[in-house]
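# Commentary on secondary and tertiary structure
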Amino acid sequence: MKTYYSPDDLPKFAEIGEGAPELAKKFFDYYSSVFAEGELTEREKALIALAVSHTVQCPYCIDAYTKTCLEKGSNMAEMTEAVHVAVAIRGGASLVHGVQMRNVSEKVSM
Amino acid sequence: MDAQPDEEAQNLLAPVSFSDKLTEHDLTLTRGKTVTAQINTGLLCNQACKHCHLGAGPDKKEVMTPAVMDEVVEYVRRGDFEMVDITGGAPEMVPDIEYLVKELSRCVPNMIFRSNLTAIGGNGYKSLLKLLADKKVSIVASLPSLNMAQVDSQRGTGVFDKSIESLRKFNAVGYGCEKTGLMLSLAVNPSGAFLASPQVGMEKKFKRDLLNKHNIVFNNLFTFNNVPVGRYRGWLESSGNMAGYILKLADSFNSCAVSGAMCRTQVSVNWDGYLYDCDFNLAEAIPLGGVPTHISETSSPPEEGTEVAVSDHCYACTAGAGFTCGGAIDA
């Protein structure tokens, strides 16, 4: 194995079902339902998925949902804004923990 | 005669050739009643778009002459067509294009004029714009995205701004506006190696955004897949996207889309008067019926039931919802 990540692995995702077919079926059925048009459009869901992909830093997901977003009609400006939403939440999540830092510091300081 | 192209033209790395895919599904691609004549007026264009299946551009000299225009008018008159669809290149730039529009408007009840939205921008085209409006010719205008960077990347620097300006000009003479009868439609194709977006959602989004951001209105939006021939094929190859794109098209084959394919009801006439099943076969020099046929040599449109010449680029019109010259096929 030369690298942990290979683009050729993404199309093999369904093969994961060979280990536990029933669980895989349940997962993929659920997955399809989640991304189907509902109260949110497929385009909006793809943008959310793109943002989350960057948060979990999954290269497979970033590859897949970049293409899905483009095919669902999102443009680069919208996709970049979605990534910034992920960045803001991720950064904000770090920053808001600064309150804990302040609490601890206040408790132990004179 | 068997209307199949040669082996080399079919070599697009598809896992299964389009012809074999039809056979797998027990389908044939044959003509229905031919109601539309698409007239390709030439390769001259002020743009050199990366997705162009014809390789049109400013350096091209191939344009329809008045003599061929007269033959086209006679062919359309003889053929009793319901629709004429004028395309290019940029038909605006063809000398005598106004003559062609005037003459054809006497022969058919419906006409489409395809505009790249930048050629018609200059003051020199005011009379053409007025003629199109007077004759109630429908406009189908190209605008691949609402994002300037993506439009300019595909179509050339500054094209997005010029396109917005031209859409305002079309609106100003009544195109796209209620109760004028002047139809303005947008043609949206992907700005890269991915499939076209769902048509209904895109129309809603474009209508909302063009109105809110640019105060522009239009009637309909059509989405199209890019067809892997001509300059677009060159871009796919040089960018390393060819194999993946062809695989995606082939994997997205929708057997239900075959019956609605545009080639079943239209015939394409090239700038020199020769006939093809569609503008993509024209780009690939795959003649109608397998033999080069000039409009002066035929008395009527292709007969119902005759075979359409297919090649692997046909996957672009049968992927997903499928596509016609009027965009995605209704489900």
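A brief report on the enclosed structure follows. Residue indices begin from 1 for each chain and proceed along its sequence in written order. Throughout, the order in which chains and ligands are written sets their labels, letters from A for the former and numbers from 1 for the latter. The predicted nature of this model means local features are confined to residues of pLDDT at least 70 and side-chain atom pairs, given and counted, to a pLDDT of 80 or more, with totals for whole chains, interfaces and linings taken over all residues. Side-chain descriptors were evaluated using all non-hydrogen atoms of the structure, hydrogens and water having been removed beforehand.

## Structural notes on the overall build of chain B
- Helical segments are the DSSP runs of H or I of at least four residues, strand segments are the runs of E of at least two, and each set is numbered from the N terminus. Broken down by element type, chain B carries 12 helices and 10 strands.
- Values of the radius of gyration come from C-alpha atoms, whereas the globule rule sets the reference at 2.2 Å times the count of residues to the power 0.38. Computed over its C-alpha atoms, the radius of gyration of chain B comes to 19 Å, within 12% of the 20 Å expected for a compact globule of 331 residues.
- In terms of its C-alpha atoms, chain B occupies a principal-axis envelope of roughly 50 × 45 × 40 Å.
- Only the protein chains shown count as cover for residues, and all accessible areas are computed by the Shrake-Rupley method using a 1.4 Å probe. Carbon together with sulfur atoms contributes 51% to the accessible area of chain B, which is approximately 13700 Å² in total.
- Here the positive residues are Lys and Arg and the negative ones are Asp and Glu; neither His nor the chain ends is included. Charge positions come from single atoms, namely NZ of Lys, CZ of Arg, CG of Asp or CD of Glu. Charged side chains of chain B number 29 positive and 38 negative; the gap between the two group centres comes to 12 Å.

## Digging into the packing of helix α4 (residues 76–96) of chain A against helix α5 (residues 98–108) of chain A
All names here are of chain A.
- Between N-to-C directions, angles cover 0 to 180 degrees, with each direction set by a line fitted to C-alpha atoms, over the stretch in contact for helices. For the pair α4 and α5, interaxial distance at closest approach is 4 Å and the crossing angle is 5°. Considering the angle they form, α4 stands roughly parallel to α5. Where α4 abuts α5, its residues Ser94, Leu95 and Val96 lie against Gly98, Val99 and Gln100.
- For the contact of α4 with α5, a count of residues per class yields three nonpolar, three polar and no charged. Small angles under 35 degrees read as roughly parallel and large ones over 145 as roughly antiparallel, with 65 to 115 read as roughly perpendicular and the rest as oblique. In what follows, residue pairs with any heavy atoms lying within 4.5 Å of each other are defined as contacts. For this classification, the nonpolar set comprises Ala, Val, Leu, Ile, Met, Phe, Trp, Tyr, Cys and Pro, the charged set comprises Asp, Glu, Lys and Arg, and every other residue, Gly included, is treated as polar.

## Examining the interface of chain B and chain A
- Each partner contributes residues to the interface: chain B has 13 residues there, and chain A has 10 residues.
- Carbon and sulfur atoms make up 49% of the surface buried where chain B meets chain A, a total of about 880 Å² over both sides.
- Broken down residue by residue, the surface that chain B buries against chain A is led by Gln150, Phe194 and Lys205 of chain B, which jointly contribute 47%.
- Between Lys or Arg on one side and Asp or Glu on the other, a salt bridge is scored when a side-chain nitrogen of the former is within 4 Å of a carboxyl oxygen of the latter. On the surface where chain B and chain A come into contact, there are two salt bridges.
- Between Lys205 of chain B and Glu78 of chain A there is a salt bridge; the shortest N-O distance is 2.9 Å. Note: buried area is the sum, over both parts, of the accessible area (probe 1.4 Å) each one loses when the two are combined.

## What to know about the environment of Glu237 of chain B
All names here are of chain B.
- As for its placement among the helices and strands, Glu237 is situated in helix α9 (residues 230–238).
- The exposure class of Glu237 is partly exposed, given its relative accessible area of 47%.
- For Glu237 and Leu167, which are 70 residues apart along the polypeptide, the C-alpha to C-alpha distance reads 33 Å. Any residue under 20% of the maximum accessible area for its type is buried, any over 50% is exposed, and the rest in between are partly exposed; the area is computed with a 1.4 Å probe on protein chains only.

## Examining helix α3 (residues 59–71) of chain A
- Multiplying 1.5 Å by the residue count of a helix minus one yields the expected span of that helix. If you check α3 of chain A, its first and last C-alpha atoms are 18 Å apart, about what 13 residues at 1.5 Å a residue would give, namely 18 Å.
- Every buried residue of α3 of chain A is accounted for by Tyr65, Cys69, Leu70 and Glu71 of chain A.
- The elements touched by buried residues of α3 of chain A are α1 (21–35), α2 (42–56) and α4 of chain A together with α6 (148–155) and α10 (242–251) of chain B.
- Positive phi appears at Gly73 of chain A, one or two residues downstream of α3 of chain A, with a value of about 100°.

## Considerations on the packing of aromatic side chains
- Stacked, edge-to-face and tilted labels apply to pairs of Phe, Tyr and Trp rings (six-membered ring for Trp) whose centres lie within 6.5 Å, assigned for plane angles under 30 degrees, over 60, and everything in between, in that order. If you walk through the whole model with that rule in mind, you get 13 aromatic pairs over all chains.
- Taking 5.2 Å as the distance between ring centres and 75° as the angle between the ring planes, the aromatic pair formed by Phe27 of chain A and Phe28 of chain A counts as edge-to-face.
- When the ring of Phe170 of chain B is compared with that of Tyr175 of chain B, the centres are 5.5 Å apart and the planes differ by 90°; the resulting orientation is edge-to-face. There is no split in this pair, since Phe170 of chain B and Tyr175 of chain B are both buried.
- Among the aromatic residues, those joined into a cluster by ring pairs are Phe13, Phe27, Phe28, Tyr31, Phe35 and Tyr65 of chain A.
- In this scheme, the term charge over a ring applies when either NZ of a lysine or CZ of an arginine sits within 6 Å of the ring centre and within 35 degrees of the ring normal. Positioned above the aromatic ring of Phe218 of chain B, the side-chain terminus of Lys207 of chain B is 5.6 Å from the ring centre.

## Quick look at helix α3 (residues 66–79) of chain B
All names here are of chain B.
- Look at α3: 20 Å from first C-alpha to last across 14 residues, which is about the 20 Å you get at 1.5 Å a residue.
- By the burial criterion, the buried members of α3 are Val68, Met69, Val72, Val73, Tyr75, Val76 and Gly79. All buried residues of α3 project into a common sector of 165° when viewed along the axis, lining one side.
- Each element contacted by the buried residues of α3 is listed here: β1 (36–40), β2 (83–87), α4 (97–105), β7 (266–269) and β8 (275–276).
- Downstream of α3 by a residue or two, Asp80 has a phi angle that is positive, lying close to 55°. To be clear, the arc concerns the directions from the helix axis to the C-beta atoms.

## Quick notes on a nonpolar patch on the surface
Residue and element names in this part refer to chain A.
- Only residues whose relative accessible area exceeds 30% and that take part in no salt bridge are eligible for patches, with like-charged residues grouped when within 9 Å of each other and nonpolar side chains (Val, Leu, Ile, Met, Phe, Trp, Tyr) grouped when within 5 Å. On the surface, Phe13, Ile16, Phe27, Tyr30 and Val34 cluster together into a nonpolar patch covering about 510 Å² of accessible area.
- With respect to the helices and strands, the residue Val34 is situated in helix α1.
- For Val34, a relative accessible area of 34% puts it in the partly exposed group.

## Re the pairing of strand β4 (residues 138–142) of chain B
All names here are of chain B.
- Only strands that DSSP links by at least two bridges are regarded as paired with each other. Of the strand pairs in this sheet, strand β3 (residues 110–115) and β4 are connected by four bridges, and their pairing is parallel. Bridging from a neighbouring strand, Ile112 pairs with Ser138 of β4.
- The parallel pair β3 and β4 is bridged by helix α5 (residues 126–134), and the resulting crossover is right-handed.
- Across four bridges, the pairing between β4 and strand β5 (residues 184–188) is parallel. Considered in β5, the bridge of Ser142 is made with Ala187. If the strands point away from the viewer and the path from the first strand over the helix to the second runs clockwise, then the crossover is right-handed.

No statement about biological role is implied by the geometric values presented.
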